[in-house]
Amino acid sequence: MKIALTKLSTTDLATLAQRIISNIQSGKYPVISNHPITATLENS
C-alpha cells in the first residue's frame, strides 16, 4: 500500500467535507451521528 502526502486544494477540502456531511446525514454510521467533531463540521 502506498501512502502519498500531497497538498490539498480548497476544492478538495470542500469535497471531502461535503462527503463527510452526507455520510453523517445518511444514518449509515451511527457512531459519527452524534460526535462533537462531526457536529462542528456540519455547523461550519
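Residues numbered from 1 in each chain as written. Predicted model: local features only at pLDDT ≥ 70, side-chain atom pairs only at ≥ 80, totals over all residues. Heavy atoms only, no water.

## Considering the overall build of the protein chain
The following threshold applies: Elements are defined by DSSP. Helices are runs of H or I of four residues or more, strands are runs of E of two residues or more, and each kind is numbered from the N terminus. Three labels apply to residues, based on accessible area from a 1.4 Å probe with only protein chains included: buried if under 20% of the type maximum, exposed if over 50%, partly exposed otherwise in between. Computed by Shrake-Rupley with a 1.4 Å probe, the accessible areas treat only the displayed protein chains as cover when residues are assessed.
In terms of helices and strands, the protein chain carries three helices and zero strands. Ordered by position in the sequence, the α and β elements of the protein chain form the string α-α-α. By the burial criterion, 9% of the 44 residues in the protein chain qualify as buried. On the protein chain, roughly 4200 Å² of surface is accessible, and the fraction owed to carbon and sulfur atoms is 59%.

## With respect to a nonpolar patch on the surface
Worth spelling out the cut-off: Residues qualify for a patch when their relative accessible area is over 30% and they have no salt bridge, like charges being joined within 9 Å and the nonpolar side chains of Val, Leu, Ile, Met, Phe, Trp and Tyr within 5 Å. For this document, the term salt bridge refers to a Lys or Arg side-chain nitrogen within 4 Å of an Asp or Glu carboxyl oxygen.
There is a patch of nonpolar side chains on the surface, built from Leu8, Leu13, Leu16 and Ile20 and spanning about 340 Å² of accessible area. Relative to the helices and strands, Ile20 resides in helix α1 (residues 10-26).

## Observations concerning the packing of α1 against helix α3 (residues 36-43)
Our working definition: Think of each axis as a best-fit line through the C-alpha atoms, taken over the contacting stretch in the case of a helix, with angles from 0 to 180 degrees between the N-to-C directions. We call a crossing left-handed when the near helix sits turned anticlockwise from the far one by less than a right angle, and right-handed when that turn is clockwise. Two residues form a contact once any of their heavy atoms are found within 4.5 Å. Put simply, Ala, Val, Leu, Ile, Met, Phe, Trp, Tyr, Cys and Pro go in the nonpolar bin, Asp, Glu, Lys and Arg in the charged bin, and everything else, Gly too, in the polar bin.
Two numbers describe how α1 lies on α3: the axes approach to 10 Å, and their chain directions differ by 120 degrees. For the pair α1 and α3, the sense of crossing is left-handed. Across the interface between the two elements, Ala17, Ile20, Ile21, Ile24 and Gln25 of α1 pack against Thr38, Leu41 and Glu42 of α3. For the contact of α1 with α3, the residue count by class is five nonpolar, two polar and one charged.

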